[in-house]
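Commentary on secondary and tertiary structure
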Amino acid sequence: MEDSLSIIRSTVNLFLFSLIFFSFYYYILILFIPYSLFLHFISIISFTLLSLFFIFIVIKDKIKIYLLISFITIIILIEELLLISLYVMYGLILNILLIIFLPLFTNFSRNKNLKILFESVALILISRTVLVAFPSQFLISAYSMIILYSFLLITIVIYLYIRKIPNEDIRLYKGNSSLLLQIIIGLIVGIFIGITEYYVLKLKITLFENLLQVILYVIFVMILVGFAEEILFRGMFQTYLEKIIPKPHAIFLASLIFGLMHSGWLNPWEVILAYGAGLVFGLFAYFHDSLVTPISAHFSGNVTLYLIAIFFAS
Amino acid sequence: MGYAISVGLGFLIGLLFRISSMRNQIFIILAYKGYSFLIKNTIGTIENLGEAKKIEKYKYRKIYIALSYNILTVMDKIRLGLIVISIIAIIISIFIPPAQLVGLSTILGSTILGSTVLGSTILGSTVLGSITLTTVYAETYYNTLLNALYIAQILLSITTIGLLIYLEITHQSYGNVKRKYFEIRNTLLPMGIILALIFFTIITLKAIVIVTGT
């Protein structure tokens, strides 16, 4: 019990320290820089560096591993920022090169967990590369996300099959608590996250022509999104990182990268919200030793956000 | 498996893109590799049957003999079939007119952003002092993105072809491979297959676009 509390305390402390310092910094920043893409970039870069700084303050050993993970985080940060800038071409090139070279880095190590960790980062980057495969007329359609996320799930399944990783190793099983309880907790937590996310994004969606489209979109997409992203971030990245560094740090870093992958919304507070939500999902994944709660919460959060954005946004 | 992917890939590339001499070289290399691999397997099997001397002088009839003895495995037959297909592909691709590369265009990042941009023309938000971007940026960005995706497609294709050739030539069935190269092969295998899947999707969708003209 004490161990569990200390894990929660350490993880949340790290997040709060980063958040508080960032908030001060951000409100000083907006005094000098007008709302722009530049401000968005500066904010995300600052928040990432601040978070990494706090991690380096508390670590005691394995500095090389932390440096390696920080390097990955910064590379992902650069890649994501390039993707949303007018230098998107370099972002895509970096993305493809990283998919090849990140796994190759692990050839210098005999650590199997490190190998899978790097490969999971490459898989996370694949989530961007899959877009390259589809023509624009297809992607504009409301159903494109169903295909994209199905495609991503297929790549994850292929990877797990080739590496012969059992479901239990990525927490894709019932875990140590009641299944029903995990689902209920997940759904409730997700609703809160979804409402908060709506107030951050003020999203309004008018893509749909009829109710059938809405139902198809919301149900299928959000199930697929929940599964794909949770397997990647919590199931693979966080789980294998936990085997290398202390658990609070693993949860914290996995959430940081999860937040960075939300830079495309062009809203720094969405990055931080995703970061916080990632921490909650990560803690649930750790304590239940299962992805059921994170997947349910992710599903419920996205469904709440989209339903508000479709039906209630003015 | 690796060879099957490589030749199938070569066939599709040749048929759809006509990358002139480079395409033919890839075909010839793959066809030769597959052929020599097949010959090696066949000889091994035939030697076991004590037939080696009889066919020694008829090198190019070995496959025919192997087929008539019915000693090829299913995989060998698939390889043989793919070699034939790739040869046909070379011939066909010489005669068909070159197809136009259809520019790829997608929406970046997450399609969620795309749906926000294209669906409701809202970019960013004004909550908590976040960013409001003009539609001018969205338009500029979208145009840049179209070009970027086109280049990324080409890069991905070249990378995947390179990866598949590497995975193929470092396969142990072609003979001893240095441990270092074999380890790299094992490391690259999952991503190679996933990239090949994406590449096949690009090719298939391009074929659909070309055939249907949409």
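Residues numbered from 1 in each chain as written. Chains lettered and ligands numbered in written order. Predicted model: local features only at pLDDT ≥ 70, side-chain atom pairs only at ≥ 80, totals over all residues.

Looking now at the overall build of chain B. Secondary structure summary: chain B contains 8 helices and 0 strands in total. For chain B, the N- to C-terminal ordering of α and β elements is α-α-α-α-α-α-α-α. Counting across all 214 residues of chain B, residues that qualify as buried make up 34%. Taking all contacts inside chain B whose residues are at least 6 apart in sequence as the whole, residues at least 24 apart take part in 70%. (Helix = DSSP H or I, 4+ residues; strand = E, 2+ residues; numbered from the N terminus. Buried ≥ 20, exposed ≤ 12 C-beta atoms within 10 Å, placed from the backbone. Contact = placed C-beta atoms within 7 Å.)

For the rest of this paragraph, the subject is the confidence of the model for chain B. All names here are of chain B. Averaged over every residue, the pLDDT of chain B is 62; residues scoring 70 or more account for 35%. The weakest mean pLDDT in chain B belongs to helix α6 (residues 111-120) at 33; the strongest belongs to helix α8 (residues 179-212) at 87. Long-range and interchain partners of residues 97-132, a stretch whose pLDDT sits below 50, account for 92 contacts in this model, where long-range means more than four residues apart. Here the prediction assigns the complex a pTM of 0.74, and the interface score ipTM is 0.88. (pLDDT = per-residue confidence, 0-100.)

Quick look at the environment of Thr129 of chain A now. With respect to the element layout, Thr129 of chain A can be found in helix α5 (residues 112-129). Since 21 C-beta atoms lie within 10 Å of it, Thr129 of chain A is described here as buried. The contact partners of Thr129 of chain A, leaving out residues within four places of it in the chain, are Asn95, Ile96 and Ile99 of chain A together with Leu156 and Ile198 of chain B.

Residue and element names in this part refer to chain A. The backbone of Lys62 sits at a positive phi, close to 55°, despite the residue not being glycine. Accessibility expressed as a C-beta count within 10 Å gives 14 for Lys62, which makes it partly exposed. Its identity as a non-glycine residue notwithstanding, Asp289 has a phi of 50°, on the positive side. Topologically, Asp289 is positioned in the loop between α11 (268-288) and α12 (292-312). Classification of Asp289 by C-beta neighbours within 10 Å gives partly exposed; the count is 16.

We now examine helix α8 (residues 179-201) of chain A. Residue and element names in this part refer to chain A. Over its 23 residues, α8 runs 32 Å from end to end, which matches the ideal 33 Å to within 8%, given 1.5 Å per residue. Every buried residue belonging to α8 is among Gln182, Gly186, Val189, Gly190, Ile193, Gly194, Glu197, Tyr198, Val200 and Leu201, and all of these are buried. Buried-residue contacts for α8 involve α11 and α12. Immediately beyond the C-terminal end of α8, within one or two residues, lies Lys202, with a positive phi of roughly 50°. (Expected span 1.5 Å × (residues − 1).)

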